[in-house]
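# Fold and contact review
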Amino acid sequence: MGTQSTAKTIFLLTSMVGWLIVGASLMYLFPAVADRLVGSELTHLWMENLTRGGYHPSLAWISGGTAFGITLLINIIWYQRFEGGRS
């Protein structure tokens, strides 16, 4: 089994955290997306009940979008600089 630098280990762990935040945001957004795409009576009722309980899809749009942008930028920089990608 090969060895891996500490910097690469830290990069991989922070990258995983970023992608986990993006995935969690997508899961949180599912009811709002389903309501927009399907727009049935059931999804409208679902959204009405969730909204009464404090559901705010804008939280997922902002946090997930920010996490996606930062994670993507860090991945691009890492692979261009340290993995021998194109400059």
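Further up the page is the structure itself.
Numbers given to residues run from 1 along each chain, matching the order in which its sequence is written. The predicted nature of this model means local features are confined to residues of pLDDT at least 70 and side-chain atom pairs, given and counted, to a pLDDT of 80 or more, with totals for whole chains, interfaces and linings taken over all residues. Side-chain measures here rest on the full set of heavy atoms in the structure, leaving out hydrogens and waters.

This next bit is on the overall build of the protein chain. Assigned secondary structure in the protein chain consists of 3 helices and 0 strands. The order of helices and strands in the protein chain, counted from the N terminus, is α-α-α. Throughout, radius of gyration means the C-alpha value; the globule benchmark is 2.2 Å times the number of residues raised to the power 0.38. Taking 12 Å as the expected radius of gyration for a compact globule of 87 residues, we find that the protein chain reaches 18 Å, considerably beyond that expectation. For the C-alpha atoms alone, the extent of the protein chain along its principal axes is close to 55 × 25 × 20 Å. We call a residue buried when its accessible area falls under 20% of the maximum for its residue type, exposed when it is over 50%, and partly exposed in between, using a 1.4 Å probe and counting protein chains only. The buried share among the 87 residues of the protein chain stands at 22%. Note on definitions: a residue-residue contact is assigned when non-hydrogen atoms from the two residues lie within 4.5 Å. Intrachain contacts of the protein chain at a sequence separation of at least 6 include 69% that bridge at least 24 residues. In this description a helix means any DSSP run of H or I spanning at least four residues, a strand means any run of E spanning at least two, and both kinds are numbered starting from the N terminus.

Once that is clear, we can look at the packing of helix α1 (residues 6-37) against helix α2 (residues 41-52). Every axis in this analysis is a line fitted to C-alpha atoms, fitted for helices over the stretch in contact. Angles between the N-to-C directions lie between 0 and 180 degrees. It is at 9 Å that the axes of α1 and α2 come closest, and there the two elements cross at 145 degrees. The way α1 lies across α2 gives a crossing that is left-handed. For the pair formed by α1 and α2, the contact residues are Phe30, Pro31, Ala32, Ala34 and Asp35 on the first element and Thr43, His44, Trp46, Met47 and Leu50 on the second. Ten residue types, Ala, Val, Leu, Ile, Met, Phe, Trp, Tyr, Cys and Pro, are classed as nonpolar, four, Asp, Glu, Lys and Arg, as charged, and the remainder, Gly among them, as polar. Split into classes, the residues belonging to the contact of α1 with α2 amount to 7 nonpolar, 2 polar and 1 charged. By convention, the crossing between two helices is left-handed when the near helix turns anticlockwise from the far helix through less than a right angle, and right-handed when the turn is clockwise.

Position of Ser15 relative to the elements: it lies in helix α1. Judged by its relative accessible area of 10%, Ser15 falls in the buried class. Discounting residues that sit within four places of it in the chain, Ser15 has contacts with Thr71 and Asn75.

Another aspect to go through is the pattern of salt bridges. Two side chains with opposite charge may pair up if their charged atoms get near one another. Definition used for salt bridges: Asp or Glu carboxyl oxygen within 4 Å of a side-chain nitrogen of Lys or Arg. The final tally for this structure, using the stated rule, is 1 salt bridge. Note that Arg52 is salt-bridged to Glu48, the shortest N-O span being 2.6 Å. Of this pair, Arg52 and Glu48 are both found in helix α2, 4 residues apart, which corresponds to roughly one turn of the helix. For Arg52, a relative accessible area of 61% puts it in the exposed group.

What follows covers a nonpolar patch on the surface. On the surface, Val33, Leu37, Val38, Trp61 and Ile62 cluster together to form a nonpolar patch covering roughly 570 Å² of accessible area. Within the residue set of the nonpolar patch, elements represented by two or more residues are α1 and α3 (57-81). Along the polypeptide, Trp61 turns up in helix α3. Patch membership requires more than 30% relative accessible area and the absence of a salt bridge. Residues of like charge join within 9 Å; the nonpolar side chains Val, Leu, Ile, Met, Phe, Trp and Tyr join within 5 Å. Using a 1.4 Å probe, the Shrake-Rupley method yields the accessible areas, and only the shown protein chains count as cover for residues.

Within the secondary structure layout, Tyr55 lies in the loop between α2 and α3. When the C-alpha positions of Tyr55 and Trp19 are compared, they lie 22 Å apart, and in sequence the two are 36 residues distant. Look past the residues within four positions of Tyr55 in its chain and what remains in contact with it is Tyr28, Leu29, Pro31, Ala32, Met47 and Leu50.

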